[in-house]
Amino acid sequence: MGKATGVKTWQLWRALRDPQLEHPMYQQFLHASQRNKALKFTDIIPIPKVFLNTSLWGFISGFALVIFMCAGGWILVLPALATIPFIPLTGTIYGLFTAIRIAGYMTRERQKNRYNLIAITPHGLAGVTWAVASAVFHRSKNVSQLRDMVMGLYIVLYMVFVLLLMVAIMNTIFLDRLPITPNDWLLTIERYEFMRNTLLLGIAISALFIDFVQSIITGVLIGMMLPTYTKNATNARAVTLGLYLMIQFGIYAFVALGAIFVLPELMPYVYWQNDVLLAVLQLLLLITTREALLFFLWHKLADRFITETNELNYVIAGK
């Protein structure tokens, strides 16, 4: 799922998921969270770590929900289904929280006159700020659980899509014949509604997942950049809030404009015309727009840290 989202997206997401655990600033966050952590049930009774993994619980809960609904339980959980439209906003919520936390912490360091001291450490300002970003990404317990639960839900959705796709392919083989050439596949998609709807479902899930990942990365980069502009923590949080939401909804408006009005008008000039191809182009528009934004923020971040983008790449790779 990662590589398909683009070079910069995959690079930054992989770096966030694999933090530099030995970095002093990351360790500072770790020790601080341990000092403030209350006694838990798991401190008294040891439970294998695999059962404490929130991604695992996200997968199990999502899978159980699918089974429960298929068994007729959907009537009982109908009120809970009202929350489904808010799932696409989880990336924005998490990205906003992360941006505010990173910007607030680094600005407080600046208020304490430790910002310039950080800049002359062996890790440099970029290295320390990235360590803080990684720590916020992993050590903010409640929001991290939200992120991992949503990731687990997307895994379930992809499993459902693969299952439906297998059924659609088998149905196509039994009713007709196995498509061989690209033209055969396009004709098959146009002829069989179940196959077409299944592919559209997969594209929709991919769009939501990619937006989830790229929204979080956008928040991280904005949170790293804002402290270079302001010295007041309160102002940093307020500016981060406004800037992040402006960028997010600006991206959504631009992609919606292109996907709803521009691309459908261009389809008559394409040799193969169908709903699936249009959906693929709309997905590519989302990916490339988001990717261009991340490249811009990455280069802007390098300028603010007075360094080169290659140096930033080394920093997040832990070199």
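Residues numbered from 1 in each chain as written. Predicted model: local features only at pLDDT ≥ 70, side-chain atom pairs only at ≥ 80, totals over all residues. Heavy atoms only, no water.

Novice: Tell me about the overall build of the protein, residues and numbers included.
Specialist: Helix and strand counts for the protein come out as 13 helices and zero strands. For the protein, the succession of helices and strands along the chain, N to C, is α-α-α-α-α-α-α-α-α-α-α-α-α. With 319 residues in all, the protein has 42% of them scored as buried. Sequence-distant contacts in the protein: of pairs separated by 6 or more residues, those separated by 24 or more amount to 79%. Only carbon and sulfur atoms are counted for the fraction: they give 69% of the accessible area of the protein, which is about 17,800 Å². (Helix = DSSP H or I, 4+ residues; strand = E, 2+ residues; numbered from the N terminus. Buried < 20%, exposed > 50% of the residue type's maximum accessible area, 1.4 Å probe, protein only. Contact = heavy atoms within 4.5 Å. Areas by Shrake-Rupley, 256 points an atom, 1.4 Å probe, with all protein chains shown as cover.)

Novice: An account of the side chain of threonine 129 is requested, with residue identities and associated values reported.
Specialist: Here threonine 129 shows up in helix H7 (residues 124-139). Here threonine 129 is in contact with Met106, Met224 and Phe305, once residues within four sequence places are set aside.

Novice: An account of the packing of helix H10 (residues 193-225) against helix H12 (residues 275-304) is needed here, citing residue identities and associated values.
Specialist: For any two helices packed against each other, one specifies the inter-axial angle together with the distance between the axes. Two numbers describe how H10 lies on H12: the axes approach to 10 Å, and their chain directions differ by 10°. By the angle between their directions, the pair H10 and H12 is classed as roughly parallel. When its residues are assigned to classes, the contact of H10 with H12 shows 21 nonpolar, four polar and seven charged. (Axes fitted to C-alpha atoms, helices over the stretch in contact; angles between N-to-C directions. Parallel < 35°, antiparallel > 145°, perpendicular 65-115°, else oblique. Nonpolar A, V, L, I, M, F, W, Y, C, P; charged D, E, K, R; others polar.)

Novice: Tell me about the pattern of salt bridges, and please be specific about residues and values.
Specialist: Side chains that differ in charge, positive against negative, can pair when their charged atoms come close. Under the counting rule described, the total for this entry stands at one salt bridge. Close ionic contact of aspartate 211 with arginine 290 constitutes a salt bridge, the shortest N to O distance being 2.8 Å. Placement of the pair is aspartate 211 in helix H10 and arginine 290 in helix H12, with a sequence separation of 79 residues. Accessibility assignment for this pair places aspartate 211 and arginine 290 in one class, buried. (Salt bridge = Lys/Arg side-chain N within 4 Å of Asp/Glu carboxyl O.)

Novice: If you had to explain the environment of arginine 108 to someone new, which residues and values would you point to?
Specialist: Turning to its location among the elements, arginine 108 is positioned in helix H5 (residues 90-111). In the structure, arginine 108 is positioned 119 residues away from proline 227 in sequence and 9.0 Å away in space, judged by C-alpha atoms. If we skip the residues at most four places from it in the chain, arginine 108 touches Ala233 and Arg237.

Novice: Give me the nonpolar core: which residues, what numbers.
Specialist: Counting 55 residues, the largest nonpolar core has Trp130, Ile217, Leu221, Met224 and Leu301 as the members making the most contacts within it. Broken down by secondary-structure element, the contributors of at least two residues to this core are helix H1 (7-17), H5, H7, helix H8 (141-175), H10, helix H11 (233-266), H12 and helix H13 (309-316). When residues of this core are assigned to their parent elements, the largest contribution, eleven residues, is made by H10. Excluding its chain neighbours within four sequence positions, the residues that come into contact with methionine 224 are Ile102, Thr129, Trp130, Ala133, Leu301 and Phe305. (Core = buried A, V, L, I, M, F, W, Y, C linked by side-chain atoms within 4.5 Å.)

Novice: Please set out the packing of aromatic side chains residue by residue, giving values where relevant.
Specialist: If you walk through the whole model with that rule in mind, you get six aromatic pairs. Their ring planes at 85° and their centres at 5.7 Å tell us that tryptophan 13 and phenylalanine 137 sit as a pair that is edge-to-face. Linking tryptophan 13 in helix H1 with phenylalanine 137 in helix H7, this pair joins segments that are 124 residues apart in sequence. Exposure remark for tryptophan 13: the relative accessible area of 8% places this residue in the buried category. (Phe/Tyr/Trp six-rings, centres within 6.5 Å; stacked < 30°, edge-to-face > 60°.)

Novice: Tell me about the environment of aspartate 275, and please be specific about residues and values.
Specialist: Positionally, aspartate 275 belongs in helix H12. Take aspartate 275: its relative accessible area is 47%, and that puts it in the partly exposed class. Note: C-alpha distance between aspartate 275 and asparagine 197 (78 residues apart in sequence) is 9.3 Å. Contact partners of aspartate 275, with chain neighbours within four places excluded, come to Arg196 and Leu200.

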